[in-house]
Amino acid sequence: MTPLRIDRTQVIVTSPGRNFVTVRIDTADGVTGYGDGTLNGRELSVASYLRDHLAPLLVGRDAHAIEDTWQYLYRGSYWRRGPVTMAAIAAVDTALWDIKAKVAGLPLYQLLGGASRERCLVYGHASGANLPELFDSVRAHLAQGFRAVRIQTAVPGLGSVYGVASSPVGGAERYDYEPARRAAVPVTETWETRAYLRHLPSVFEAVRAEFGPELILLHDAHHRLTPIQAARLGKALEPYDLFWLEDPTPAENQDALRLIRQHTTTPIAIGEVFNTVWDYRQLIAEQLIDYVRSPATHAGGITHLRRIADYAGMYQVKTGMHGPTDISPIGLAASLHLGLALHNFGIQEYMVHSDETHAVFQPGYSFADGGLRPADEPGLGVALDVECAARNPYQPAYLPINRLTDGTVHDW
Ligand code: GCO
Ligand code: MG
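Cut-offs used in this document
Residues numbered from 1 in each chain as written. Chains lettered and ligands numbered in written order. Predicted model: local features only at pLDDT ≥ 70, side-chain atom pairs only at ≥ 80, totals over all residues. Heavy atoms only, no water. Salt bridge = Lys/Arg side-chain N within 4 Å of Asp/Glu carboxyl O. Buried < 20%, exposed > 50% of the residue type's maximum accessible area, 1.4 Å probe, protein only. Helix = DSSP H or I, 4+ residues; strand = E, 2+ residues; numbered from the N terminus. Arc of directions from axis to C-beta. Contact = heavy atoms within 4.5 Å. Domains from an automatic or database assignment. Buried area = accessible area lost by both parts, 1.4 Å probe. Polar contact = N/O pair within 3.5 Å; in protein donor to acceptor, adjacent residues only side chain to side chain. Axes fitted to C-alpha atoms, helices over the stretch in contact; angles between N-to-C directions. Parallel < 35°, antiparallel > 145°, perpendicular 65-115°, else oblique. Left-handed = near helix turned anticlockwise from the far one by under 90°. Expected span 1.5 Å × (residues − 1). Pairing = 2+ DSSP bridges. Nonpolar A, V, L, I, M, F, W, Y, C, P; charged D, E, K, R; others polar. Phe/Tyr/Trp six-rings, centres within 6.5 Å; stacked < 30°, edge-to-face > 60°.

**As for the pattern of salt bridges**
Here the structure, examined in full by the defined rule, presents 17 salt bridges. One salt bridge connects Asp68 with Arg61, and the closest N-O pair in it is separated by 2.8 Å. Taking relative accessible area as the criterion, Arg61 reaches 16% and is therefore assigned buried. The structure contains a network of salt bridges with shared partners spanning Glu246, Glu272, Arg293 and Glu349.

Now the structure itself:
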């Protein structure tokens, strides 16, 4: 078969409401593919990696040789793994899959084995400073058709905390950490785990009492607990039947999950900050988690995420791909095509992008019955308005940092 020559690789850094890093690959005969490599708060490192180190290597290669290109970039760098490397490889990999599917004239999920379901069940982000606000936010999600919601609330005595909208507007709020705040340095928040542990079970008790047993509920502890605190929280939340408790502890310490497992049957989701299958090895092989959180954008693209998902599937671990607004519509589309095809798909996170973002990235995926379905046109099914992207240049923005009440830096 005649090779499909890569002619040009461009890196597009744009900030329509928040920063995104996109790769555009063009073949000599005019097929264009896009890939997402956005790494929130560290975008320019990925842009440089792509522009300075990967783009020159791609010229003249066969765009069809996806596996060979993946191995060439991964093994060829000598310096393996890591968020910057794996996001850069992800962007290239996704763009090549986009091209292959366009050449085949098929939506990408068809090349990944075809649809295993009608659509991918998604969860939205409900939050509130207090119970009435939280209930309004849940109701607004239900009115939009969501069947699963993540529940995050303020903690009495603490100021703004992760995951809670700072200014709710009729439940249609966006919380301010997404986009990361545009500023030269990160803002600081204050954290106190004892106050959180005292408060959270009562929130879930109230939500279950208000919305009944059917609604799918999730929670993100955002890496803040010690193993024994996480074990206690998982146990305290058991009566409220969570779909998952996410990132209970910072997962560099994987032995922590053994302790958590000994104490609770609340399902655990981990991995949004992981980037290779190797990061999951112990957690999956020892059956210490229930959902893997990697999205295509941060885990080496579709090629490598498939490896993670297949490995997880051997242990009845399902996917729960990361899908905040710091993953672009291109990255979300990549996860959706794979999610639609995978047997062990679990749930997909879905924060709706802002209108500003949609002016640059025009996705063809559609929301209905609480789920997303990728576009049925050839490729990934996301169009990019290059001129609109150029009108929204990069702006420095950082995620907040956390300090304990005595000033000690804590996990955010
Ligand atoms: C989630 C995540 C995000 C991260 C964000 C960091 O579960 O959606 O925890 O909210 O904080 O992606 O950039
Ligand atoms: Mg999370």
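Moving on, there is more to tell.
**A short note on the environment of Ser354**
Tracing the backbone through its elements, the reader meets Ser354 in the loop between β12 (345–349) and α12 (355–360). On the basis of relative accessibility, which here comes to 17%, the residue Ser354 falls in the buried class. Through-space distance from the C-alpha of Ser354 to that of Gln71 is 35 Å; in sequence the pair is 283 residues apart.

**Observations regarding helix α7 (residues 227–237)**
Residues of α7 that are buried include every one of Ala230, Ala231, Leu233, Gly234 and Leu237, and no others. Along α7, the residues classed as buried sweep out an arc of 165 degrees about the axis, all on the same side. What points out from α7, more than 90 degrees from its buried face, is the exposed set Ile228, Arg232 and Lys235. Tucked inside the fold, the buried residues of α7 contact α6 (193–211), β8 (244–246) and α8 (256–263).

**As for the domain arrangement of the protein chain**
The assigned domain composition of the protein chain is domain 1 (6–107) and domain 2 (120–378). Between domain 1 and domain 2, the C-alpha centre-to-centre distance is 26 Å. Contact residues are listed per partner, giving 34 residues for domain 1 and 36 residues for domain 2. Contact between domain 1 and domain 2 buries roughly 2,600 Å² in total, counting both sides, with carbon and sulfur atoms accounting for 58%. For the domain 1 face of the interface with domain 2, the top three residues by lost area are Arg18, Asp36 and Pro107, together amounting to 21%. Across the contact surface, domain 1 and domain 2 share two salt bridges. Linking domain 1 to domain 2 there are 13 residue pairs in polar contact (both at pLDDT 80 or more). Within the residue set of the side of domain 1 that touches domain 2, elements represented by two or more residues are β2 (20–27), β3 (32–36), α2 (66–76) and α3 (83–104).

**Section: the packing of helix α5 (residues 131–144) against α6**
The description of two helices packed together rests on the angle between their axes and the distance between the axes. Closest axis-to-axis distance for the α5/α6 pair is 11 Å, and the angle between their directions is 45 degrees. The angle between α5 and α6 falls in the class oblique. As α5 runs across α6, the sense of the crossing is right-handed. Facing Leu131, Leu134, Phe135, Val138, Arg139 and Leu142 of α5, the residues of α6 in contact are Val203, Ala206, Val207, Glu210 and Phe211.

**A look at helix α11 (residues 329–341)**
For α11, with 13 residues, the first-to-last C-alpha span of 18 Å sits near the 18 Å given by 1.5 Å per residue. Most of α11 sits out of view: 13 of its 13 residues are buried.

**Here we look at the sheet that holds β2**
Strand order across the open sheet formed by three strands is β1-β2-β3, with antiparallel pairing between neighbours. Only two strands of the sheet have a single neighbouring strand rather than two, namely β1 (6–14) and β3. Mean inter-strand twist for the sheet, computed between neighbouring axes without regard to direction, equals 20 degrees.

**Some thoughts on the side chain of His64**
Tracing the backbone shows His64 in the loop between α1 (43–58) and α2. In this structure, His64 is in contact with Met1, Leu4, Lys100 and Val103, ignoring residues within four places of it in sequence.

**Focus: the packing of α2 against α3**
The interhelical angle for the contact between α2 and α3, taken along N-to-C directions, is 165 degrees, at an axis separation of 10 Å. Comparing their axes, α3 and α2 come out roughly antiparallel. You can see that α2 and α3 cross each other, and the crossing is right-handed. Taking contact as the criterion, the partners of Ile66, Thr69, Trp70, Leu73 and Tyr74 in α2 are, on α3, Met86, Ile89, Val92, Asp93, Leu96, Trp97 and Lys100. Partitioning the contact of α2 with α3 into residue classes produces nine nonpolar, one polar and two charged.

**Some details on the packing of aromatic side chains**
The full count for this structure, using the stated rule, is 15 aromatic pairs. On the numbers, 5.5 Å between centres and 85 degrees between planes, the contact of Phe135 with Phe211 is edge-to-face. One end of the pair, Phe135, is in helix α5; the other, Phe211, is in helix α6, and 76 residues separate them in sequence. Both rings, one in Phe146 and one in Tyr350, keep their centres 6.2 Å apart while their planes meet at 35 degrees; by these two values the pair is tilted. Here Phe146 is found in the loop between α5 and β5 (148–153), whereas its partner Tyr350 is found in the loop between β12 and α12, with 204 residues between them in sequence. Comparing Phe146 with Tyr350 shows no difference in burial state: the two are buried.

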